[in-house]
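A look at the structure
Chain by chain, the residues:
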Amino acid sequence: MADTVNKTLDPQLDRRGFLKGCTMAAAALGLSETMIPKLVEAAATAERPRVIWLHFQECTGCTESLLRASHPDLARLILDIISLDYHETVMAAAGHQAEHNLLETVEKHPFILVVEGAIPTKDGGIYCKIAGKTAMDILAEVAPKASAIIAIGTCAAFGGVQAAAPNPTGAVGVQDLVSGKPIVNIPGCPPNPINFLGTVLHYLTFKRLPALDSLNRPLFGYGRRIHDHCERRAHFDEGRFVEQFGDEFHKLGYCLYKVGCKGPETFANCPAVRFNDVDVWPVSVGHGCAGCTEPGFWDSMTPFYERLPMVKIPAAGIVKDADRIGKTVLGVTAAAVGVHAAVGIGKRLVKGKNGEKE
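Read on for an overview of the structure. Bear in mind the structure is a predicted one, so any value in this text is a computation, not a measurement.

**What to know about the side chain of Asp237**
Within the secondary structure, Asp237 sits in helix 11 (residues 233-237). At a separation of 2.8 Å, a polar atom in the side chain of Asp237 contacts the side chain of Arg233.

Printed below as a string of structure tokens:
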């Protein structure tokens, strides 16, 4: 296997980086270590699947987050696994030559379609045009011939910021326009590149897309609420909350729910599969989750720095909501006493104590 890997890889990506990337993807997929060789074998095959990557209404942040990942170099790893025939950001071709490459792949080869960005539908889709064609027309031409479709980023999955009220361009996600094709959404603003890599490796290894939730998101990446595996969860359970950014409770790493964290109703694996080479994610560095993996988060999760209404927090395990936790922990039984009063007492009770991680 080592010889196969070394022959097919770009010389700038060594075998150690290749194996590390496959191991990270296996961990994200929830596969045992015995499956890693199968992922490696599938990734090292000489028959690389062709990929067309379309850009529509977006900021290119999804591509940038992938290109800038290193240790391992996920972009190079992915580019070694697939044959990227069309990608406006990284391809050398331009103009007529680029469009020729697109047409040739669509007409002559099986391919996977990756879409980054929302698709405007208002006024005939004139708000996004490439080579004289609207995004709607391009998607209608390319999507029906794809073997499978991956919508990367919240814009491609659900419309993203472009679809925020009043949605002047009529922006929608891929699944709103395409039917009859397997579609997997990998939302996030941006999504973690590991979720994309895991989806691709699963497809190459098992010849099918991973199991999906009701929103077509892979369960391995979006099957749990952020709130349920957040490192600050113990503080939530004990009624210890940051009151405002920069206060002593913020410095102690207390729960960010009261300053707007949307973790209780956001499904993603951010706490487990972190970002960047420094192994962080927003909550770990003191900023609440913005709920960016959920449909319509620009409308449903705002204001970003205000707490969620109690009625929107789903029950899970022994935790019902912050009000109930605050009352239970502090022995407050009067119905009129809310979490603000309860936590006020809690400040004195827990002052000087560190939170426990579950």
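Moving on from the coordinates now.
**Overview of the pattern of salt bridges**
Counted under the stated rule, the structure contains 11 salt bridges. Note that Arg274 is salt-bridged to Glu231, the shortest N-O span being 3.2 Å. Taken together, the residues span a long stretch of sequence, with Arg274 in the loop between helix 12 (248-251) and helix 13 (297-300) and Glu231 in the loop between helix 10 (219-222) and helix 11 at a distance of 43 residues. Classification of Arg274 as partly exposed rests on a relative accessible area of 25%. Through salt bridges with shared partners, a single network forms among Arg225, Asp228, Arg233 and Asp237.

**A look at the nonpolar core**
In terms of nonpolar packing, the biggest core is built from 36 residues, with Ile81, Val114, Ile150, Phe196, Val200, Trp281 and Val283 touching the most fellow members. Counting residues per element, the ones that place at least two in this core are strand 1 (50-55), helix 4 (61-67), strand 3 (111-116), strand 7 (148-152), strand 9 (183-186) and helix 9 (193-206). For this core, the element with the highest residue contribution is helix 9, accounting for 6 residues. Counting 26 residues, the second-largest nonpolar core is a separate cluster that includes Tyr86, Leu102, Leu113 and Ile119.

**Overview of the state of the cysteines**
Between two cysteines, a covalent bond joining their sulfur atoms is known as a disulfide. Tallied over the full model, the rule gives 0 disulfides. Of all cysteine sulfurs in the structure, the one in Cys189 sits closest to Cys292, which takes part in no disulfide; the separation is 5.8 Å.

**Digging into the packing of aromatic side chains**
Scanning the entire structure with this criterion turns up 9 aromatic pairs. Both rings, one in Trp53 and one in Phe196, keep their centres 5.3 Å apart while their planes meet at 55°; by these two values the pair is tilted. Taken together, the positions of Trp53 in strand 1 and Phe196 in helix 9 put the pair 143 residues apart, joining distant regions of the chain. Between Phe297 and Trp298, the aromatic rings sit 5.1 Å apart at their centres with planes inclined by 40°, giving tilted as the arrangement. The buried category is assigned to Phe297, whose relative accessible area is 4%. Following the ring pairs from residue to residue traces out a cluster consisting of Phe236, Phe241 and Tyr257.

**Considerations on the sheet that holds strand 9**
Taken together, 5 strands build an open sheet; the order of strands is 2-1-3-7-9 and the sheet is parallel. Across the chains shown, the open sheet's two edge strands, defined by having one partner strand only, are strand 2 (83-87) and strand 9. The mean inter-strand angle of the sheet, taken between neighbouring strand axes irrespective of direction, is 20°. For strand 1 and strand 3, the ladder comprises 6 bridges, and the chain directions are parallel. Bridge pairing links Arg50 to Phe111 in strand 3. Running over the sheet, helix 7 (residues 135-142) touches strand 1 and strand 3 and is turned about 160° from strand 3.

Cut-off values and rules
Residues numbered from 1 in each chain as written. Predicted model: local features only at pLDDT ≥ 70, side-chain atom pairs only at ≥ 80, totals over all residues. Heavy atoms only, no water. Helix = DSSP H or I, 4+ residues; strand = E, 2+ residues; numbered from the N terminus. Polar contact = N/O pair within 3.5 Å; in protein donor to acceptor, adjacent residues only side chain to side chain. Salt bridge = Lys/Arg side-chain N within 4 Å of Asp/Glu carboxyl O. Buried < 20%, exposed > 50% of the residue type's maximum accessible area, 1.4 Å probe, protein only. Core = buried A, V, L, I, M, F, W, Y, C linked by side-chain atoms within 4.5 Å. Disulfide = S-S within 2.5 Å. Phe/Tyr/Trp six-rings, centres within 6.5 Å; stacked < 30°, edge-to-face > 60°. Pairing = 2+ DSSP bridges. Axes fitted to C-alpha atoms, helices over the stretch in contact; angles between N-to-C directions. Contact = heavy atoms within 4.5 Å.

The analysis is restricted to geometry; functional conclusions fall outside its scope.
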